[in-house]
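If you want the building blocks of each chain, they are given just below.
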Protein chains: 2
Amino acid sequence: MKKTSTSLQILSLLENCHCHLSAAEIYEQLRPQLPAVAPSTVYRILERLVHTGQVSISDMGGGTEVYEIANQRHHHLVCERCHTVLTLSDAEIQPLFESLQQRHSFVISTNHLVLFGICEKCRSGS
Amino acid sequence: MKKTSTSLQILSLLENCHCHLSAAEIYEQLRPQLPAVAPSTVYRILERLVHTGQVSISDMGGGTEVYEIANQRHHHLVCERCHTVLTLSDAEIQPLFESLQQRHSFVISTNHLVLFGICEKCRSGS
DNA sequence: CAGCAAATTGCAAAGACTTGCAAATGCAAA
DNA sequence: TTTGCATTTGCAAGTCTTTGCAATTTGCTG
Ligand SMILES: [Zn+2]
Ligand SMILES: [Zn+2]
Ligand SMILES: [Zn+2]
Ligand SMILES: [Zn+2]
């Protein structure tokens, strides 16, 4: 993968933000510095970063995929009603992945699991 | 939810097929019987069936979401290289879900988990 | 510091859904 | 069966993302 200024800026944007951003949000945050960048370029760079494992892509229920820097494995529980996001340490998921990998001779690459459901507050409140 | 002939046919299509179909595939299989149906109607019916839990929606890596009748909980491992799909019984996943639910007071609704990775054949072969 | 092949980009067109709205339909009460 | 309302549908327009392709840029070689 070639290092172009656009891809470096996208990576640094994601590194500093440490949050889940959609392609459109990344595109918007990029415009001030790189006014001439095309949306398709942003989509393609993100696709490449995902493919090389530097960035995770996930559907967090927001209607569009979000991207996050992949330097610390973690996972989430997302409430379908209030959209609260709980973060799970990798330790909570890793044992299952290990056992699946051994049982099925399969190497799992999913690095940012998102599970949906209803949180405690929504269950009791409503 | 009203019972319209289109929604009944989509449901029966998914029940008989027992496989993962994209919205476009469903639309195509529907046309012979319902030539006048609009694509947007198919998308909206599928959205409703997913919302009521009768159908699962998942990204299986094929570039577009696929739908499946949700009458038997199960999950999958999908090879990112050869696109082989392994099926996991719910029993392999349920214990993790239980423990997450208790630990985080969260009721998980995800009913068709898809994990990506590399299968044994691709790992040894290539 | 050229010269090159391969990777990357911008643009415009295509593709894949989504949405607003008026008309049609399903359902149940009268 | 008839009536009336809420749900559902078709259509067309809109949004978001992908793709083909020629032009540009990058990393390497000499
Ligand atoms: Zn995350
Ligand atoms: Zn909630
Ligand atoms: Zn399945
Ligand atoms: Zn494989």
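What this report covers is the structure whose coordinates are included nearby. Computed from a prediction, not measured in an experiment: that's the story for all the values here.

**Description of the overall build of chain A**
No. 1: When helices and strands are tallied, chain A shows 5 helices and 7 strands.
No. 2: Principal-axis analysis of the C-alpha atoms places the extent of chain A at approximately 50 × 45 × 20 Å.
No. 3: Restricting the contact set of chain A to residue pairs at least 6 apart, pairs at least 24 apart contribute 55%.
No. 4: Roughly 6,900 Å² of accessible area belongs to chain A as shown, and the carbon and sulfur atoms make up 52% of that amount.
No. 5: The distance from the centre of the 10 positive side-chain charges to the centre of the 12 negative ones in chain A is 5 Å.

**Examining the pairing of strand β7 (residues 114-118) of chain A**
A regular strand carries its side chains on alternate faces of the sheet.
No. 1: With 5 of its 5 residues buried, β7 of chain A lies for the most part within the structure.
No. 2: The alternating pattern of β7 of chain A places V114, F116 and I118 of chain A and L115 and G117 of chain A on opposite faces, both of which are buried.
No. 3: As defined by bridge partners, strand β4 (residues 74-79) of chain A adjoins β7 of chain A across 4 bridges and the pair is classed as parallel. Following the sheet pairing, V78 of chain A is matched in β7 of chain A by F116 of chain A.
No. 4: In the sheet, β7 of chain A pairs with strand β6 (residues 107-108) of chain B via 2 bridges, with the strands oriented antiparallel. The partner of G117 of chain A across the bridge, within β6 of chain B, is I108 of chain B.

**Concerning unusual backbone geometry**
Residue and element names in this part refer to chain A.
No. 1: With a phi close to 50°, H18 is a non-glycine residue in the positive phi region.
No. 2: With respect to the element layout, H18 can be found in the loop between α1 (5-17) and β1 (21-22).
No. 3: A residue is classified by how much of its surface remains accessible, and H18, at 51% relative accessible area, is exposed.

Cut-off values and rules
Residues numbered from 1 in each chain as written. Chains lettered and ligands numbered in written order. Predicted model: local features only at pLDDT ≥ 70, side-chain atom pairs only at ≥ 80, totals over all residues. Heavy atoms only, no water. Helix = DSSP H or I, 4+ residues; strand = E, 2+ residues; numbered from the N terminus. Contact = heavy atoms within 4.5 Å. Areas by Shrake-Rupley, 256 points an atom, 1.4 Å probe, with all protein chains shown as cover. Lys, Arg positive; Asp, Glu negative; His and termini not counted. Charge placed at Lys NZ, Arg CZ, Asp CG, Glu CD. Buried < 20%, exposed > 50% of the residue type's maximum accessible area, 1.4 Å probe, protein only. Pairing = 2+ DSSP bridges.

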